[in-house]
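Fold and geometry: a report
Listed below are the residues making up each chain.
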Amino acid sequence: MSVPPADTERDHKKLGKELDLFTFSDSVGKGLPLFTPKGSVVRRELERFIVDEEIKREYLHVYTPDIAKLDLYKKSGHYPHYKDSMYAPIEIDGEQFMLRPMTCPHHFELYLRKPVSYRELPMRIAELAQLYRYEQSGEIMGLQRVRTFCLADAHIICASEEQAVDEISKALDLIEYITSVFGLTLDIDYRYRLSLGDRTNAEKYFKNDSAWEKGEDLLRKLMQTRGSKFEEAKDEAAFYGPKIDIQMKNVNGKEDTAFTVQYDFCMPERFDLSYIGEDGKHHRAFVVHRSSIGAIERIMAFLIEKYAGAFPLWLSPVQARVLPVSEKHVAYAKEVLNALKTANIRVDIDDANESLGKKIRCAKTEKIPYLLVVGDKEAESKNVSVDSRDYGKLDAMPLAAFIVRVTEEIKTRK
Ligand SMILES: [Zn+2]
């Protein structure tokens, strides 16, 4: 069977270098990405987008440390299950600490700081959490597979199974919204997978057959109620419960889990997560683990390939470039530059002593969405001539009108 040729023009490793978005250094280490100023703009915009959207949806965004005591991961059960993907302990003052591979136990400890009433549930604790996992040398691949990544993570503490199922459904709504902003379509660009446990493997999965049956059934019914197509995959669950994975393929056709929503009936016991019910008594909580935008590195790799480096305006490192026709137009070009900067548009200027044609070609290889050409006519009338990457050449327009147009396009993330 022949393998289709890889779409190398879209390869995020190649584009990441050409567009100067990220790099790796042997001195820093394998699988440890360094984001350039331009790549950091893309990352920051993605982070702002998700944090703002989650806050709108009543998530509580927090910060917790990147390391914690080894005992914490023994308590959570991550240590035996994830031992092979965790780094060796760091000894501090005679105690062992780990770089965290997961955020869950940190959020549970935060939850435990005070008694919680049923009225406060569901409580959605979210974090852009830097995680550290060992990937074998051969597995490391650009931003797709790295040894440290930032997960848009959350743990939703729920009062009942019904509430947990409702929260899983809301998490899927959020994921479907995010993917629509990226221009992705369900069943074309991504698909749902119901990832199940394996009752015969007590080493890999927390032993509680009836809880597994019930949890898997709840997720299956939810997907059916939502009317979503999904595939079932045995032996792909988390050790603490079944999950719904959102599977995406990269340009080489390799499929990965981009986002995940998990139902957990195990951690609430281990961490004694409870709440005070209407009856004044303590009740056991339920937990939903979910990522929304997934790992920032992985979604960036995916988006670079999807857009072939031509990011939509809101994500573009440089949104507009001002091109003075000649030296005598530089003064007005700087006026345009400053007006756009004041309007929070990411803009730069190319006032090199080169031909206009050369400057335009250069800006096009950088995939800049808007080029503003200013010459005599524009300087006189305080206009700009616009060459748009996505809409072609536009009629000359007043500078103020261009700012309104671009600001609206950024805001709506079109
Ligand atoms: Zn978790």
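In this report, we go over the structure that sits alongside the text. (Residues numbered from 1 in each chain as written. Predicted model: local features only at pLDDT ≥ 70, side-chain atom pairs only at ≥ 80, totals over all residues. Heavy atoms only, no water.)

What to know about the pairing of strand β6 (residues 95-99)
As judged from the three bridges shared by strand β4 (residues 67-69) and β6, these two strands associate in the antiparallel manner. Each bridged residue has a counterpart across the sheet, and for I67 the counterpart in β6 is L99. Taken together, the three bridges between strand β5 (residues 90-92) and β6 define a ladder with antiparallel strand orientation. For E91, the partnering residue across the bridge sits in β6 and is Q96. (Pairing = 2+ DSSP bridges. Helix = DSSP H or I, 4+ residues; strand = E, 2+ residues; numbered from the N terminus.)

Some words on unusual backbone geometry
If a residue is not glycine, its phi is most likely negative; likewise, a peptide bond is most likely trans. With an omega of 0°, the peptide bond between L121 and P122 qualifies as cis. You can see P122 is positioned in the loop between α5 (104-111) and β7 (123-132). One non-glycine residue, D187, lies in the positive phi region at around 75°. Relative to the helices and strands, D187 resides in the loop between α6 (161-181) and β9 (190-195). In this structure, R413 takes a positive phi of about 50° despite not being glycine. Among the structural elements, R413 can be located in the segment after α13 (399-411). Given the relative accessible area of 25%, R413 is considered partly exposed. (Buried < 20%, exposed > 50% of the residue type's maximum accessible area, 1.4 Å probe, protein only.)

Focus: the side chain of E47
Looking at the secondary structure, you find E47 in helix α2 (residues 37-56). Taking relative accessible area as the criterion, E47 reaches 18% and is therefore assigned buried. A polar atom in the side chain of E47 sits 2.8 Å from the side chain of R43. The residues contacting E47, other than those within four sequence positions of it, are L128, C150 and I296. (Polar contact = N/O pair within 3.5 Å; in protein donor to acceptor, adjacent residues only side chain to side chain. Contact = heavy atoms within 4.5 Å.)

Structural notes on the coordination of the zinc ion
Protein-derived ligands of the zinc ion are C104 (SG), H155 (NE2) and H289 (ND1), with the metal-ligand distances lying across 2.1 to 2.3 Å. Of note, the donors binding the zinc ion are all from one chain and are spaced C-x50-H-x133-H. With a gap of 134 residues between them, H155 in strand β8 (residues 148-158) and H289 in strand β15 (residues 286-295) connect regions that are remote in the sequence. Comparing H155 with H289 shows no difference in burial state: the two are buried. (Donors = N, O, S within 2.8 Å, 3.2 Å for Na, K, Ca; no water.)

Concerning the nonpolar core
Of all hydrophobic cores here, the largest spans 62 residues; its most connected members are L46, I168, L172, F182, I244 and I293. Among the elements that make up this core, the one with the highest residue count is α6 (nine residues). For L46, the contacting residues outside a window of four places in its chain are F182, I293, I299, M300, L303, W314 and L315. Core analysis: the next-biggest nonpolar cluster, separate from the first, contains 28 residues, M102, I157, F271 and L273 among them. (Core = buried A, V, L, I, M, F, W, Y, C linked by side-chain atoms within 4.5 Å.)

Details of the sheet that holds β15
Taken together, eight strands build an open sheet; the order of strands is β3-β7-β8-β15-β12-β11-β9-β10 and the sheet is mixed. Strands at the two margins of the open sheet, each flanked by one partner only, are β3 (60-61) and β10 (230-233). With seven bridges joining them, strand β11 (residues 243-249) and strand β12 (residues 255-264) adopt antiparallel strand pairing. Residue I246 lies in a different strand from β12, and its bridge partner there is F259. Where helix α7 (residues 209-226) meets the sheet, its contacts fall on β9, β10, β11 and β12, and the angle it forms with β9 comes to roughly 150°. Packing of helix α9 (residues 296-306) onto the sheet brings it into contact with β7, β8, β11, β12 and β15, and relative to β15 it is tilted by some 40°. (Axes fitted to C-alpha atoms, helices over the stretch in contact; angles between N-to-C directions.)

Observations regarding the side chain of E127
As for its placement among the helices and strands, E127 is situated in strand β7. A polar side-chain atom of E127 sits 2.8 Å from a polar atom in the side chain of H107. The residues touching E127, leaving out its near neighbours within four places in the chain, are H61, V62, Y63, T64, R100, T103, H107, L151, A152 and D153.

Here's the deal with α13
The end-to-end C-alpha separation of α13 is 18 Å, in line with the 18 Å expected for 13 residues at 1.5 Å each. Listed as buried for α13 are L399, F402, I403, V406 and E409. Looking straight down α13, one finds that the buried residues subtend no more than 135° of arc, so they occupy a single side. Turned more than 90 degrees away from the buried face of α13, the exposed residues are A400, V404 and K411. Packed against the buried residues of α13 are α10 (330-342), β18 (370-374), β19 (383-388) and β20 (392-398). Taken from the residues just after α13, R413 is the one with a positive phi, measuring 50°. (Expected span 1.5 Å × (residues − 1). Arc of directions from axis to C-beta.)

What to know about the packing of α2 against α9
Closest axis-to-axis distance for the α2/α9 pair is 11 Å, and the angle between their directions is 110°. Classified by the angle between their axes, α2 and α9 sit roughly perpendicular to one another. Crossing geometry of α2 relative to α9 is assigned as right-handed. Facing G39, V42, R43, L46 and E47 of α2, the residues of α9 in contact are I296, E297, I299, M300 and L303. Along the lines of polarity and charge, the residues of the contact of α2 with α9 split into six nonpolar, one polar and three charged. (Parallel < 35°, antiparallel > 145°, perpendicular 65-115°, else oblique. Left-handed = near helix turned anticlockwise from the far one by under 90°. Nonpolar A, V, L, I, M, F, W, Y, C, P; charged D, E, K, R; others polar.)

A word on a nonpolar patch on the surface
Taken together, the side chains of I67, I90 and I92 define a hydrophobic patch exposed on the protein surface, amounting to about 200 Å² of accessible area. Along the chain, I92 turns up in strand β5. (Patch = residues over 30% accessible without salt bridge, like charges linked within 9 Å, V, L, I, M, F, W, Y side chains within 5 Å. Areas by Shrake-Rupley, 256 points an atom, 1.4 Å probe, with all protein chains shown as cover. Salt bridge = Lys/Arg side-chain N within 4 Å of Asp/Glu carboxyl O.)

Examining the pattern of salt bridges
Scanning the model with the defined rule gives 48 salt bridges in all. The salt bridge involving E167 is made with K170; its shortest N-O contact spans 3.6 Å. With E167 and K170 both in helix α6, this residue pair falls three residues apart, about one helical turn.

Fair warning: the whole summary comes from geometry, so function is off the table for now.
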